[in-house]
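# Architecture and fold: a report
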Amino acid sequence: MARIPRVGLVVSDAAIAREVLLDVEHFSKVGPGSPSELWTPILGPSVLLNMEGAEHAAMRRALGPIFAPRAVRELVRDREVVGARGAGSRGQASGGALPEMVARLDAGEAVDLAGVVAAQAGAVICRLVGLSPTDAAVRDSMAAAQAVTGMVRLHRRRLTTSQVVHARRVLGGLTASAREAYRVGDESTVPGRMRGLGLSEHEAMGAVGAFVLTGTETIQSFVPRLLAIAHDTGWMERLLGVDGGVGEPGPGVEASRRGLRHRVVEEALRVTVPSPAMLRSVRADTVVGGQRVRAGDRVVIATVNCCRAVGEFDPDRPADPDVRHLWFGAGPHFCLGMPLAMAQVEAVLDALAPLAATGRRMVVGRRRPAHGVLVPAYRRLWVTLAPEGPGDAW
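Residues numbered from 1 in each chain as written. Predicted model: local features only at pLDDT ≥ 70, side-chain atom pairs only at ≥ 80, totals over all residues. Heavy atoms only, no water.

### Some words on the confidence of the model for the chain
Per-residue confidence for the chain gives a mean pLDDT of 84, with 90% of residues at or over 70. The secondary structure element of the chain with the lowest average pLDDT is helix α7 (residues 135-149), at 72, and the one with the highest is strand β4 (residues 111-112), at 97. Scored below 50 in pLDDT, residues 80-94 makes 44 contacts in the model with residues more than four places away or belonging to other chains. (pLDDT = per-residue confidence, 0-100. Helix = DSSP H or I, 4+ residues; strand = E, 2+ residues; numbered from the N terminus. Contact = heavy atoms within 4.5 Å.)

This is the structure we're talking about:
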């Protein structure tokens, strides 16, 4: 651990990080230097990002059904006109981002996977806020979410007054449809379900805003990086369920392939770390990692350092229990939206797997990093299918 001016006490050890996250008596998401200072002025006081204790637990219980397996599958199901936009696209509507991606890859085209995943994530945002995910709605939703998260900096404990005003304006426009859906009470929409679950309108709007802000960049950044890592390390075929050395087709083999995919995804999450840092405020004097901390201190858990200290990408390495799922947190604040994030990952891999099963290789080509984002990501990442055989140039 180290004290860094303007930042706080930085934790880079996974065991100490987990100790901090589990110790809610001494470390809180509410207080000086905590997430509440960033998000309460924008979202209000009653969202999971800035709650503790019994009220936090009650909110999690109320929201839990929205993230049940069947519910997240419905949110992710690619059934609307969203249209991924890649190179050569003329902008016509399509039957969905993932089906369009599959059709174009199958036809021999290069596809911008980052654009596809952005469209997929934008469609989920639309469903969260009660919009029909048309092309324009998807693009506007993604831009609105990124306009807010892009303002966050680790050395900045709170947003400026002008940034808060801007963020409220952006989110107000984004959640207008959510407010209407809540008031109508249509439980086919997420805001309507929140009303049915007993959340007040204020609580529901805060929750929708929090999900949009915290979940958007996570999924948009991770999937392209997952495919790039799998390609660069020779794990692509096993990630997509081929060349896994698990035997002839059958129920047991399918389970083995799913297990192998899961290991690759988990290891990619470890090395990409979708939550690079987590913040806590010290509630009461204590000692952690052999160092005394005092009430009011700011603790910055450098999740990226904690997770990457294990070593290079290697899905065959046994999981370190201190590191496992640390990127989603630990204890009572473990990420409620994890099932939704993982469902989106699985949807992309399920769409690509049949293409890989034809004997063609998924090849990652040109890449362009994104700038001005909260989580490192690709702005563009082009993929194509190549005939089975040596050589990845295209």
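There's more to say after this.
### Regarding the nonpolar core
In terms of nonpolar packing, the biggest core is built from 125 residues, with Leu63, Met194, Leu226 and Leu227 touching the most fellow members. Of the residues forming this core, the biggest block, 16 residues, is contributed by helix α11 (residues 201-233). Residues within four places of leucine 226 in sequence aside, it is in contact with Leu239, Val264, Val265, Ala268, Val345 and Leu349. (Core = buried A, V, L, I, M, F, W, Y, C linked by side-chain atoms within 4.5 Å. Buried < 20%, exposed > 50% of the residue type's maximum accessible area, 1.4 Å probe, protein only.)

### A closer look at the pattern of salt bridges
Enumeration according to the criterion identifies 14 salt bridges in this entry. Across the salt bridge formed by glutamate 267 and arginine 270, the nearest N and O atoms sit 2.7 Å from each other. Of this pair, glutamate 267 and arginine 270 are both found in helix α13 (residues 251-272), 3 residues apart, which corresponds to roughly one turn of the helix. Classification of arginine 270 as buried rests on a relative accessible area of 4%. Three or more residues joined by partner-sharing salt bridges are found here, namely Arg258, Arg261, Glu346 and Asp350. (Salt bridge = Lys/Arg side-chain N within 4 Å of Asp/Glu carboxyl O.)

### Digging into the sheet that holds strand β9 (residues 361-369)
Adjacent strands of a sheet pair through backbone hydrogen bonds, lying either parallel or antiparallel. Strand order in this open sheet of 3 strands is β4-β10-β9, and the pairing throughout is antiparallel. Among the strands making up the open sheet, the edge pair consists of β4 and β9. Summarising the sheet, β9 and strand β10 (residues 378-386) pair through 7 bridges and their orientation is antiparallel. Looking at the pairing, arginine 367 lines up with leucine 381 of β10. Strand contacts of helix α5 (residues 97-106): β4, β9 and β10, with the helix running at about 50° to β10, the strand carrying the most contacts. (Pairing = 2+ DSSP bridges. Axes fitted to C-alpha atoms, helices over the stretch in contact; angles between N-to-C directions.)

### Focus on unusual backbone geometry
Excluding glycine, most residues fall at negative phi; most peptide bonds, likewise, are trans. The residue arginine 6 is not glycine, and still its phi comes out positive at about 70°. Its place among the elements puts arginine 6 in the loop between β1 (2-4) and β2 (8-11). Unusually for a residue other than glycine, histidine 325 sits at a positive phi of about 60°. Here histidine 325 is to be found in the loop between α14 (303-308) and α15 (338-356). Overall, the relative accessible area of 16% leaves histidine 325 in the buried class.

### Remarks on the pairing of strand β8 (residues 298-301)
What you see with β8 is no split at all: Arg298 and Val300 on one side and Val299 and Ile301 on the other are buried throughout. Relative to β8, β2 runs parallel, the two being bridged by 3 bridges. Paired with leucine 9 across the bridge in β8 is valine 299. Sheet topology places strand β5 (residues 278-282) next to β8; 4 bridges connect them, and they run antiparallel.

### Regarding helix α4 (residues 69-76)
Residues of α4 that are buried include every one of Ala71, Val72, Leu75 and Val76, and no others. For α4, the angular spread of buried residues about the axis comes to 130°, placing them on one side. Seen from the open side of α4, the exposed residues pointing more than 90 degrees away from its buried face are Pro69, Arg70 and Arg73. Buried residues along α4 sit in contact with α6 (113-129), α10 (190-196) and α15. (Arc of directions from axis to C-beta.)

### Focus on the packing of aromatic side chains
Using the criterion set out here, one finds 2 aromatic pairs in the structure. Centre to centre, the rings of phenylalanine 67 and phenylalanine 211 are 4.9 Å apart; their planes meet at 80°, and the pair counts as edge-to-face. With phenylalanine 67 in the loop between α3 (53-63) and α4 and phenylalanine 211 in helix α11, this pair connects stretches of sequence that are 144 residues apart. Neither residue differs from the other here; phenylalanine 67 and phenylalanine 211 are each classed as buried. With a centroid separation of 6.3 Å and 65° between ring planes, the pair formed by phenylalanine 328 and phenylalanine 334 is classed as edge-to-face. Given the relative accessible area of 22%, phenylalanine 334 is considered partly exposed. The ring of tyrosine 182 has arginine 195 lying over it, and the distance from NZ or CZ to the ring centre is 5.7 Å. Above the ring of tryptophan 235, the side-chain terminus of arginine 238 is found at 3.8 Å from the ring centroid. (Phe/Tyr/Trp six-rings, centres within 6.5 Å; stacked < 30°, edge-to-face > 60°. Lys NZ or Arg CZ within 6 Å of the ring centre and 35° of its normal.)

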